[in-house]
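Architecture and fold: a report
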Amino acid sequence: MTNELKTITIQDKTCHIYQSTDQRSMESSRRLPVFYWGIGKNDRASVEAVISALPSVGFILAAYESDNWNDDFSPWAAPAVFGKEAFGGRADVTRKWLTQYCIPYVEADVSEIARFSVGYSLAGLFGLWVYCECAGFAGAVSCSGSLWYDGWLDYVRQKAAESGGDENRYLYLSLGDREEKTKNRRMAAVGDNTRKVYTMLCENQKNVNGVLEWNQGGHFSETDQRVAKGLHWILKHYDV
């Protein structure tokens, strides 16, 4: 197996790209899983930690850095949760960068792929939003996603009603068992909202293989391990 992690700039964004290949993957007709993971600035160490925890199978991981977390991953504007740092609602700009620049670069030499969006916290919300917005994604990994976000349930309800198609899809959602136990009323909704999103996008949809996994701890517990578990679940259950 050959492994390589390289850091490059794609249209003014830093992106860490890892490709793992083995002989079985090269000989198989199985589409190559490609993960697009939104991360914080200067967070290559998390990418390395996640890669080290994954099995030796064929896949591509492209982890792209955010310059402004609250703006880059929020689908629409919303007031601040703590302090004065509100959410700018510029996820569409990030999506356009992803689809117009990052994806064509990463997949230039790969003919048969299955594309997955990945994220933690607000980037986990963005990962599900991209999955709902873009037909080209076979699934998503949303770990401790900020599914308490204002207007999120209404958005998912609408998208779930519109969804269709016969292709198999794969969704991994996870949450820490202490995350909904907070005094902040907006964020305390994360547990119920995550359960409802799982029901709407997984249990009520055909051809969706999904799971909602509960981890021990709060929002900042073992973040890299939680992402690795999500990617590992996709690699294990993804079939065609």
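Our structure's up above, just so we're on the same page.
Treat the numbers as computed from the prediction; the structure is a model and nothing was measured.

1. Observations concerning the overall build of the chain
Within the chain one finds eight helices and eight strands. Taken over C-alpha atoms, the radius of gyration comes to 17 Å for the chain, in line with the 18 Å a tight globule of 240 residues would show. Along the longest, intermediate and shortest principal axes, the C-alpha atoms of the chain span 50 × 40 × 35 Å. Counting across all 240 residues of the chain, residues that qualify as buried make up 53%.

2. Thoughts on the packing of helix H4 (residues 91–106) against helix H5 (residues 122–133)
The geometry of H4 relative to H5 is characterised by a closest axis approach of 11 Å and an angle of 65° between their N-to-C directions. Pair H4 / H5 crosses with right-handed handedness. In this structure, H4 uses Ala91, Asp92, Thr94, Arg95 and Leu98 to contact H5, whose residues at the interface are Phe126, Trp129, Val130 and Glu133. In the contact of H4 with H5, the residues fall into five nonpolar, one polar and three charged.

3. Some points on the environment of tyrosine 18
On the secondary structure map, tyrosine 18 appears in strand S2 (residues 13–21). Along the sequence, tyrosine 18 and glycine 210 sit 192 residues apart, while their C-alpha atoms lie 25 Å from each other. Excluding residues within four positions of it along the chain, tyrosine 18 makes contact with Asn3, Glu4, Leu5, Ile51, Phe59, Ile60 and Leu61.

4. Quick word on the pairing of strand S3 (residues 32–39)
Summarising burial for S3: eight of the eight residues are buried, a large majority. Residues Leu32, Val34, Tyr36 and Gly38 line one face of S3 and the alternating positions Pro33, Phe35, Trp37 and Ile39 line the opposite face, and both faces are buried. With seven bridges connecting them, S3 and strand S5 (residues 113–120) associate as parallel partners. Along S5, the bridge assignment pairs glycine 38 with glycine 119. Since S3 and strand S4 (residues 59–65) lie parallel, the crossover through helix H2 (residues 44–52) that links them has a hand, and here it is right-handed.

5. Things to note about the pairing of S5
With respect to burial, S5 is a largely interior element, eight of its eight residues being buried. Covered by surrounding structure in S5 are Ile113, Arg115, Ser117 and Gly119 together with Ala114, Phe116, Val118 and Tyr120, the residues of both alternating faces. The sheet contact formed by S5 and strand S6 (residues 137–143) spans six bridges and is parallel. Bridge assignment links glycine 119 to a residue of S6, and that residue is serine 142. After leaving S5, the chain enters H5 and then returns to the sheet as S6, a path that is right-handed.

Conventions and cut-offs
Residues numbered from 1 in each chain as written. Predicted model: local features only at pLDDT ≥ 70, side-chain atom pairs only at ≥ 80, totals over all residues. Heavy atoms only, no water. Helix = DSSP H or I, 4+ residues; strand = E, 2+ residues; numbered from the N terminus. Rg over C-alpha atoms; globule rule 2.2 N^0.38 Å. Buried < 20%, exposed > 50% of the residue type's maximum accessible area, 1.4 Å probe, protein only. Axes fitted to C-alpha atoms, helices over the stretch in contact; angles between N-to-C directions. Left-handed = near helix turned anticlockwise from the far one by under 90°. Contact = heavy atoms within 4.5 Å. Nonpolar A, V, L, I, M, F, W, Y, C, P; charged D, E, K, R; others polar. Pairing = 2+ DSSP bridges. Right-handed = clockwise from strand over helix to strand, strands pointing away.

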